[in-house]
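Given next are the chains, with one letter for each unit.
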Amino acid sequence: MENYLIVFIIIYLSFLMMYAYKASKNNVSQNASTYLFGDGGFGIFLSFLGISATLFSTFTLQGMPSFFKNHGVGAWVFLGVTDVCLASILLYFGLRMRCFARSMASSIGCNKANNLTEIFKQAQLSYWTRVFFVLAITIFIIPYITIQVKGASVLFQSALPIGETHLVWSIIIITIMLLYSFFGGIRAIFITDAVQGVLLLIVAWAVAVFAIQGAGSITNLFNDASQASQALMSTPGPAGILTWQFLLISFISISVMPYVQPQLATRVFIAKSDKTFVISTMALGVFALLVIIPTVFIGIRGASIVGENPNFLVNLLNQDVPAGIHALFIIGVAAAAMSTSDSQLMAVGTEWGSALTDQDIQASDNARTKVKAVSLIVAIIALLLAQTSFKSLVLFAINSFIGTSMLLPIVIAASVKSIIRRNILIYSSFISVCLFLFSLFGVIPNNYFDMRLELLVYFVLLLLIIACKGLRIPKEQME
Amino acid sequence: MKIGIYLPIIAVGTALIAIFTAHFGFLSSSTLEMFGIPANLVFWFSITLFVCLLTIAETKNAIKNCEEE
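Residues numbered from 1 in each chain as written. Chains lettered and ligands numbered in written order. Predicted model: local features only at pLDDT ≥ 70, side-chain atom pairs only at ≥ 80, totals over all residues.

When you go through chain B residue by residue, the secondary structure sums to 2 helices and 2 strands. Along the chain direction, N to C, the helices and strands of chain B fall in the order α-β-β-α. Out of the 69 residues in chain B, the part that is buried amounts to 35%. (Helix = DSSP H or I, 4+ residues; strand = E, 2+ residues; numbered from the N terminus. Buried ≥ 20, exposed ≤ 12 C-beta atoms within 10 Å, placed from the backbone.)

Secondary structure assignment for chain A yields 20 helices and 2 strands. Relative to the 2.2 N^0.38 estimate, which gives 23 Å for 479 residues, the radius of gyration of chain A is 22 Å and therefore close to what a compact globule would have. Each of the three principal axes of chain A carries a C-alpha extent, and together these read 65 × 60 × 40 Å. When contacts within chain A are restricted to residue pairs at least 6 apart in sequence, those whose partners lie at least 24 apart make up 80%. (Rg over C-alpha atoms; globule rule 2.2 N^0.38 Å. Contact = placed C-beta atoms within 7 Å.)

What follows concerns the environment of A:Met257. Residues and elements named next belong to chain A. In this structure, methionine 257 sits in helix H11 (residues 257–260). The exposure class assigned to methionine 257 is buried, which follows from the 21 C-beta atoms found within 10 Å. Taking the C-alpha atoms as reference, methionine 257 lies 17 Å from leucine 455; in sequence the two are 198 residues apart. Contact partners of methionine 257, with chain neighbours within four places excluded, come to Leu264, Phe401 and Thr404.

Here we come to the interface of chain B and chain A. By convention, interface size is frequently given as the accessible area that disappears when the constituent parts associate. Facing the 37 residues of chain B at the interface are 41 residues of chain A. Elements that contribute at least two residues to the side of chain B that touches chain A include exactly helix H1 (6–24), strand E2 (37–38) and helix H2 (39–65) of chain B. Residue contributions to the side of chain B that touches chain A peak at 14 residues, all from H2(B). By residue class, the composition of the side of chain B that touches chain A is 24 nonpolar, 10 polar and 3 charged. (Nonpolar A, V, L, I, M, F, W, Y, C, P; charged D, E, K, R; others polar.)

Right, let's talk about the nonpolar core for a bit. Residue and element names in this part refer to chain A. Grouped together as the largest cluster of nonpolar side chains are 182 residues, with contacts concentrated most on Leu200, Ile330, Ala334 and Leu407. Among the elements that take part in this core, helix H8 (residues 167–215) stands out by supplying 21 residues, more than any other. Among the domains, domain 1 (2–391) and domain 2 (406–473 + 475–479) are the pair contributing at least three residues each to this core. If we skip the residues at most four places from it in the chain, alanine 334 touches Ala152, Phe156 and Ile173. (Core = buried A, V, L, I, M, F, W, Y, C linked by C-beta atoms within 7 Å. Domains from an automatic or database assignment.)

This part is about the packing of helix H5 (residues 75–108) of chain A against H1(B). Each pair of packed helices can be summarised by the angle the axes make with each other and by the distance between the axes. The geometry of H5(A) relative to H1(B) is characterised by a closest axis approach of 8 Å and an angle of 165° between their N-to-C directions. Relative to H1(B), H5(A) is oriented roughly antiparallel. In the crossing of H5(A) with H1(B), the sense of the turn from one axis to the other is left-handed. Note on element contacts: H1(B) touches H5(A) through B:Leu7, B:Pro8, B:Ala11, B:Val12, B:Thr14, B:Ala15, B:Ala18, B:Ile19 and B:Ala22, opposite A:Val77, A:Val81, A:Thr82, A:Cys85, A:Ser88, A:Ile89, A:Leu91, A:Tyr92 and A:Phe93. Among the residues making up the contact of H5(A) with H1(B), the classes are represented as 15 nonpolar, 3 polar and no charged. (Axes fitted to C-alpha atoms, helices over the stretch in contact; angles between N-to-C directions. Parallel < 35°, antiparallel > 145°, perpendicular 65-115°, else oblique. Left-handed = near helix turned anticlockwise from the far one by under 90°.)

Residue and element names in this part refer to chain A. Annotation of chain A at the domain level lists domain 1 (2–391) and domain 2 (406–473 + 475–479). For domain 1 and domain 2, the distance between their C-alpha centroids amounts to 25 Å. Taken together, the contact between domain 1 and domain 2 spans 21 residues of the former and 17 residues of the latter. Mapped by element, the contributors of at least two residues to the side of domain 1 that touches domain 2 are H5, helix H6 (116–122), helix H7 (127–159), helix H10 (244–255) and H11. Looking at which element gives the most residues to the side of domain 1 that touches domain 2, the answer is H7, with 5 residues. Among the residues making up the side of domain 1 that touches domain 2, the classes are represented as 18 nonpolar, 2 polar and 1 charged.

Below is the structure:
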């Protein structure tokens, strides 16, 4: 397996390095708008794979199988239902968001905003609102980048050890990611993400097919798992985690990601046209379905596999999967980690670059330098945090989603004209994030009247959004 | 380009059906199996596929309404 892995690593890293080098040649001629938003937009293929690869991270290849293995078939509701519904909801609200950005730009006669903070500036949200939004995004995205880097580097270290810890692999992954991002800007990220997205899908299915073969058939796969634990075949699963509260909180927090997480929001804005956006969003829904199905088979097979390694995936890969596919799986995990983290680093850098100045970031001379500086700082913090230990990869990622979802009222406030209503939304978001952080750190309890704090907060935010924004749907033509 | 509000409403409704069937144990305690797969998983997968197909159908409508850009 090591020989295969070395060959794949050389091919994969060579592609990324070659692309970084190629991008560096065109680097000088790019202005800020082209560098940060790929001036002119992206076509259907790159838009679809760009958003898909950014959305599906190492969590898809490692976290989801682990979720099925530990919590059983109910995990489908947690991510399968949620991600396909995310695409459906995005089709409607994404178009409205694009329409809003266009109408805002034409009403004040400036460039169309391609990132959230620029929208806030055009809507004249205060400087402190912008800074709070970006600060909160940074606080919640850094842990996510951290678990990506850690997940990939630990897997590399277990297959091909360099030194005693996964530090060297973490450095290699982050360095390469920064190199192609810095040299090629968002276009390099989109192209590498497209390759990484395809790789992710191929690897997930390849491992799933061998997992089914290992069990003998799909029927045997589920029979073996039910013999290991009958609770895996129903909800709330052996650990009792898949309750309606957990599932509803996960659904809400994941569904609002494209409107609050800057790496996804930017991809909504910069699709070449509405038609491109519509087709790529539909393709995202299909991609979500196709990429999550194999994780069911991998996870359920993992439940009945017994091995020496505490990580069931390593045991499954060793027992069921040929060496070449095992090596490809490790590359797939690295690809998934890098395709999500590179977009997040660039997006956090762009939002900070945008938040700290009143000038339009697309017209700013030093925007590129600012974005690179912030991305570098965030990458170093993530690198250091990746060397510490976390109890649960999955639950930490979920907390990041929940935290960012509570920023939705600020995004909606940008479309509200009344100052009072606008302030209500902004302050409610601020209070929600603070309450959530307090509960995470154990300062306040997480349960009230048998309800989780997050659910109560969502309920109050929903009422406030309805009260401040209203439910009326304008009849304007979208384009 | 016009797109129906019913699409997000159906998506949210479907998710709520999935969540509450999971909670109330609809099919959960059953030993019924379909194609060797637990019946509740088949049910959740079917409604997910329904949302996915509905999205594809709505995309076709949206593209038809889209003017040349």
